[in-house]
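Residue-level structure breakdown
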Amino acid sequence: MLLLTALVGGLVLSGGGNTGFFARDSTLTTGATLAIVGAIAWFLLVLFSYISLGPERLSGRGQIVSGIAVGLLCVSVMAPFALTASTVLTIKDAANSIFESNADKASAVPIKHEDPWGGRDRVNFLLIGGDGAGNREGVRTDSINVASVHVATGNTAMFSLPRNLQHVRFTPGTTLAKQFPNGFMRELPNGGLLNEVWQYAEDHPEVMPGKKTGQRGPAALMDAIGYTLNLKIDYYALVNMYGFAHLVDAIGGLRIKVERDVPWGGLYGTAGTIKTGYQKLSGEEALWYGRSRVGSDDFSRMARQRCVIGAFAQQATPSVVLTNFAKIANAAKKSAKTDIPRELLEHITELGLKVKDARIVSLQFVPPEFYTGSPDWQKIRAATARTLRQSLRPARRPQAAGVTASPGTSGATPAATPKPSRSTTVQPSQTPTQNGNAQSLDDACGF
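Residues numbered from 1 in each chain as written. Predicted model: local features only at pLDDT ≥ 70, side-chain atom pairs only at ≥ 80, totals over all residues. Heavy atoms only, no water.

Observations regarding helix α12 (residues 345–356)
Side chains that are three or four residues apart share a direction in an α-helix, a result of its 3.6 residues per turn. Convention followed: Helix numbers and strand numbers start at the N terminus; a helix is a DSSP run of H or I with at least 4 residues, a strand a run of E with at least 2. The length a helix should cover is 1.5 Å for every residue beyond the first. Three exposure classes are used, based on accessible area relative to the maximum for each residue type with a 1.4 Å probe and protein chains only: buried under 20%, partly exposed in between, and exposed over 50%.
Relative to the 16 Å expected for 12 residues at 1.5 Å per residue, α12 spans 16 Å between its end C-alpha atoms, a close match to the ideal helical length. Burial runs high along α12: nine of the 12 residues are buried. Within the span of α12, buried status applies to Leu345, Glu346, His347, Ile348, Thr349, Leu351, Gly352, Leu353 and Val355.

Brief notes about the pairing of strand β10 (residues 360–364)
We count it as follows: The pairing criterion is simple: DSSP has to find at least two bridges between the two strands.
Burial within β10 is extensive, with five of its five residues counted as buried. Judged by which residues are buried, β10 turns out to be covered on both faces: Ile360, Ser362 and Gln364 on one side and Val361 and Leu363 on the other are all buried. As defined by bridge partners, strand β3 (residues 156–161) adjoins β10 across five bridges and the pair is classed as parallel. Among the inter-strand pairings, Ser160 is bridged to a residue of β10, identified as Gln364. Bridge count between β10 and strand β11 (residues 439–440): two bridges; the pairing is antiparallel. Bridging from a neighbouring strand, Val361 pairs with Ser440 of β11.

Remarks on the packing of aromatic side chains
Convention followed: Centres within 6.5 Å are what make two rings of Phe, Tyr or Trp a pair, Trp counting through its six-membered ring; a difference in plane orientation under 30 degrees is then read as stacked, over 60 as edge-to-face, and the rest as tilted. Cation placement over rings: the criterion is NZ of Lys or CZ of Arg within 6 Å of the ring centroid and within 35° of the ring normal.
Under the defined criterion, the tally for this structure stands at 11 aromatic pairs. Taken together, a centroid distance of 5.6 Å and an interplanar angle of 65° make the contact between Phe180 and Tyr200 edge-to-face. A residue pair is termed long-range when its members are at least 10 positions apart, and Phe180 in the loop between α4 (175–179) and α5 (197–203) and Tyr200 in helix α5 qualify at 20 residues. A residue is classified by how much of its surface remains accessible, and Phe180, at 7% relative accessible area, is buried. Ring centres of Phe244 and Phe312 lie 5.5 Å apart, and the angle between their planes is 45°; this geometry places the pair in the tilted category. Of this pair, Phe244 sits in helix α7 (residues 241–250) while Phe312 sits in helix α9 (residues 298–315); the two residues are 68 residues apart in sequence, bridging distant segments of the chain. Relative accessible area serves as the criterion here: at 14%, Phe244 is assigned to the buried category. Phe312 gets classed as buried once you look at its relative accessible area, which sits at 4%. Among the aromatic residues, ring-to-ring pairing joins Phe170, Phe180, Phe184 and Tyr200 into one connected group. The side chain of Lys379 reaches across the aromatic face of Phe370, ending 5.1 Å from its centre.

Observations concerning the environment of Ile111
Quick note on the threshold: Throughout, a contact is declared for two residues whenever any of their heavy atoms are within 4.5 Å.
Residue position: Ile111 is located in the loop between α3 (60–98) and β1 (122–131). Among the residues examined, Ile111 registers a relative accessible area of 24% and is labelled partly exposed. Distance in space between the C-alpha atoms of Ile111 and Leu344 is 7.0 Å, their sequence separation being 233 residues. Sequence-distant contacts of Ile111, that is, excluding residues within four places in its chain, are made with Asn102, Pro116, Pro341, Glu343 and Leu344.

Honestly, it's all geometry; don't read function into it.
Here it is as C-alpha cells:
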C-alpha cells in the first residue's frame with residue numbers, strides 16, 4: 001500500500017488538506033484539459049499580440065527575426081503547460097492501469113465518500129513481494145507482510161510472515177478449510193509452506209469456487225494470513241521483486257543502514273558485497289540486500305526486507321515521486337498488481353500520507369520466539385493483538401537502554417486489550433512460550 005500510494009502522493013508537496021481530491025479520475029482529466037487549454041490560450045495571446053503590433057511594417061529581415069522570437073516565446077510559455085498535461089495524463093494512465101474500477105466488478109460494494117472504510121478503525125493490507133522470474137512458472141510469494149493501518153492516526157503495525165511458515169489454517173467452512181482440516185498440506189512434514197498457497201489456489205480452481213484466474217491466489221493467501229493473525233485482510237498489493245529494483249532506481253536509490261556485510265549475486269555472493277554502514281543502494285543492490293541468502297537465512301532476509309520497505313516508504317517523498325514520476329509510473333505499471341478499487345485511491349492517498357508521518361512498529365514471526373515448522377497459532381494471535389495495541393502508543397523518547405538499531409524485538413509493556421478483529425479461535429499446536437514483542441521500525445532499521 002505504501003509503495004502504490006507513493007505513486008499518487010507526488011501530486012502534492014505537503015500532507016495537509018484534501019490531498020485525495022487530486023487522485024480522482026475526474027480531477028486528473030480536468031487538470032490535463034485545463035493545462036492544454038492554458039497552453040493554447042497563451043499561444044493565441046502571444047500570437048495575437050504580435051499581429052496587433054503590425055509586423056508587416058518591418059523589413060523582411062525584421063519580420064524573420066521577430067517571427068523567430070515570437071515562435072520561441074510561444075514554445076517557452078507553452079512548455080510548462082504541456083509538461084503539466086503530460087504528467088497528469090501519465091498519472092491517470094498509471095492509476096487506471098494498476099487500480100481496477102469497481103464499475104468493472106458486478107459484486108463490488110459501493111464506496112461511500114463520507115465513510116470509505118465502512119466504519120472500520122483499521123484497514124489491513126497484505127503486501128507481497130512476488131518472485132515471478134521469466135524462467136519460472138507461476139508466482140512465489142517470497143516476501144509476505146501485513147500492514148495494519150489505524151485510520152484516524154495513520155499509526156501502523158507491520159507483521160512479517162516467513163515464507164516457510166508451515167501448515168497454515170483456513171477460515172472454517174471454506175473449501176480450503178475442508179480440504180485441509182489439519183492445515184495446508186499437513187500430510188507433508190516438510191511441505192505446505194506459506195509461499196506455496198498462492199500458486200496452489202491458482203492451479204486448483206476447485207478450491208476457490210467463483211474466483212477467476214488471477215483472483216484465486218490472492219484470495220487464498222489473504223484468507224490464510226487473515227485467519228492466522230485474527231485479522232480481516234481488506235486488500236492486497238503485489239510488486240514483482242525485479243520490478244521493485246526499477247522503482248528504487250526511479251527514485252534515485254535507497255539509503256539504508258547495513259548492520260553487517262551482505263555478499264550478493266548467485267549462490268556465493270560473487271557479484272559484490274554491500275558493506276556495513278549507511279549506504280546508498282541502487283535498485284539491483286536493494287533487491288539483493290533483501291534477497292541474499294549468502295551467509296544468512298530466511299529470517300535475516302525478512303528483517304532486511306522490512307527495512308527496505310520502510311526505507312522506500314520514508315524516502316519516496318511526494319517531491320521525489322513528482323520529480324521522477326514518469327519513470328516510477330512506467331515501472332509500477334509493469335510490476336504492480338492490487339485489488340484496491342480505483343474509487344478508493346483518493347482515500348488511500350490521504351491515508352498513505354498519514355502513514356508517512358506516523359508511528360510504525362514491526363513484528364517478525366521468526367524463531368526462536370515463533371517456530372515455523374510447528375506454529376503456535378494462539379501465540380501468534382496474542383502477539384498480533386499486542387502489537388496492534390503497541391502501535392497506538394506514543395513513541396518512547398529517549399530510546400530505552402539496550403535497544404539497538406539491529407532488526408529484532410524490544411520489550412515494550414502492553415496496554416489494555418481491545419476487541420479482536422475476528423472472533424474465531426485456533427487451538428495452539430504446542431505449549432505456549434514467552435510472547436515476542438514488536439519494535440519501532442525506526443529503531444529496528446536505524447532510520
